[in-house]
Amino acid sequence: MASQVKSGKAFEFALLNAFYDLLRDNKMNVNVVDDKSLSYAMQYYSEFPKSDRQAFDTAAKTAVSFFPDVEPMLFYQKGDSSINLSLASDGRGQKGDVRDILIQSSLKKWAIGISAKNNHKAVKHPRLSQSIDFGASWLDLPVSDNYFENIEPIFSELKKLKNNGPETKWSELENIQRDFYLPILEHFKDELLRLDLQNKGVVAAKLVGYLIGKQDFYKVIKTKGMITIQAFNLQGTLNLPSPYRKPSARIPKLNLPDRIIDLSLKKGSKSTLELTMSNGWQMSFRIHNASSRIEPSFKFDINLISTPESLFSTNFYV
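What you are looking at is a predicted structure, and each value in this text was computed from that prediction instead of being measured.

Asks: Just checking my understanding: could you explain the packing of aromatic side chains for this structure?
Replies: Aromatic ring pairs are defined here through the distance separating the ring centres and the angle between the ring planes. Counted according to the given criterion, the structure contains 24 aromatic pairs. Ring geometry for tryptophan 138 versus phenylalanine 300: centroids 6.3 Å apart, planes at 65°, classification edge-to-face. With a gap of 162 residues between them, tryptophan 138 in helix H5 (residues 134–139) and phenylalanine 300 in strand E11 (residues 297–306) connect regions that are remote in the sequence. Here tryptophan 138 matches phenylalanine 300 in class, with each residue buried. One aromatic cluster is present, formed by Phe134, Trp138, Tyr147, Phe148, Phe188, Tyr210, Phe285 and Phe300 through successive ring pairs. Of note, lysine 124 hangs over the ring of tyrosine 210, and the distance from its end group to the ring centre comes to 4.0 Å.

Asks: What exactly am I supposed to notice about helix H2 (residues 36–47) here?
Replies: Think of an α-helix as 3.6 residues a turn; residues three or four steps apart then line up on the same face. For H2, which comprises 12 residues, the first-to-last C-alpha distance of 17 Å matches the rise-based estimate of 16 Å (1.5 Å per residue) to within 8%. For H2, the full list of buried residues reads Ser37, Leu38, Ala41, Tyr44 and Tyr45. Angular distribution of buried residues about the axis of H2 spans 135°; they occupy a single face of the element. Elements in contact with the buried residues of H2: helix H1 (3–25), strand E1 (30–32), helix H3 (50–64) and strand E2 (83–87). Its side-chain oxygen at 3.3 Å from the backbone nitrogen of serine 37, aspartate 35 defines the N-terminal cap of H2.

Definitions and limits used
- Residues numbered from 1 in each chain as written.
- Predicted model: local features only at pLDDT ≥ 70, side-chain atom pairs only at ≥ 80, totals over all residues.
- Heavy atoms only, no water.
- Phe/Tyr/Trp six-rings, centres within 6.5 Å; stacked < 30°, edge-to-face > 60°.
- Helix = DSSP H or I, 4+ residues; strand = E, 2+ residues; numbered from the N terminus.
- Buried < 20%, exposed > 50% of the residue type's maximum accessible area, 1.4 Å probe, protein only.
- Lys NZ or Arg CZ within 6 Å of the ring centre and 35° of its normal.
- Expected span 1.5 Å × (residues − 1).
- Arc of directions from axis to C-beta.
- Contact = heavy atoms within 4.5 Å.
- Polar contact = N/O pair within 3.5 Å; in protein donor to acceptor, adjacent residues only side chain to side chain.

Geometry only, nothing functional implied.
So this is what it looks like as C-alpha cells:
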C-alpha cells in the first residue's frame, strides 16, 4: 500500500483515539466499533516509528480540542445515550460519503463525520476509461453514446500499446499531453457541458455532492506544523444545539452552486481543466496516468481552488 494511504489511515486512527480520550475525560459512555477498518488503521499506525506516532497523536489531540465549542451534542445528550466511534470502509467514498470517522449517538438521532487528510488536500481521484460512465456514477445522469464513440479511438490506441509491450512505460511515448490528455479532456469537457445544458440547475450541485460529499462533514487536514479544520455544512446538520446547551461558535450553512459558469483549460496547461460555478465554487481537474506502465485509463486529481466565503475554516499550529 502506498505510503500516502498508510499515513492517512494512521492519522485516522490517531484522531479516533483522540476523540475517545476526549469523550472519556468528559465522563461520556463511548463505544468503538471493532471491525476490519479499525484493525487496518491500527496496524498502519503501529508500523510508524515512535516519533511519527507522537506527531500523529499531537496533531489529533489539537484537532479534537476544537469540537466541544461547535458540537455540544458530543457531551450533552438525553438519558443514557452513548457515543459510537467508527472508521469508514474504503467503499463508502465511491458512493459520495467522504467521511473517514463517524461519531454517532447511540440513539441514532445525531451524527457528525470527519474527513481526515495527512499532507493531502485533494478532493477526489476518480478514473476515466472506455467503459466508465462518469455521468451515471458521478451525477446519476448517463453520458451520451457520442461521448463513448469519441473516446473509443483514444483508449483503443492505449490498449494496442499495452498489448504490444505490457511493460511499455508512458515515458517512452513522444507526446502524452497532445495525443492523449488533451483529447480526453476535450471530450470530458464537452460531455459535462452537454449534461449541464440538458439538466439546468442540477449538474453543478450534483457535482459538488459527488466530489465534496453528500453528507455534511468536517475536514481535518494535517500538514507540517499546522492543522486546518474546514466545515462543509451543506445540509445544515453540523453545529446543532443539544437539549442542554447551544454551540459557542457558529458554523454557517454553505450554498450549493446552481450553474456552471465556465469550464476551460488552465492557462498554460495541457492537462488541467478549471471549473467555475456559481456561489463561489471553483475546482481544478488535473488528468494523469495512474501508473508508470501504460494502462487504458486515466485518473483525475481534483482540488478546490475556491469555495464560498461562508466556508468555515480555522488553523491550529502544532
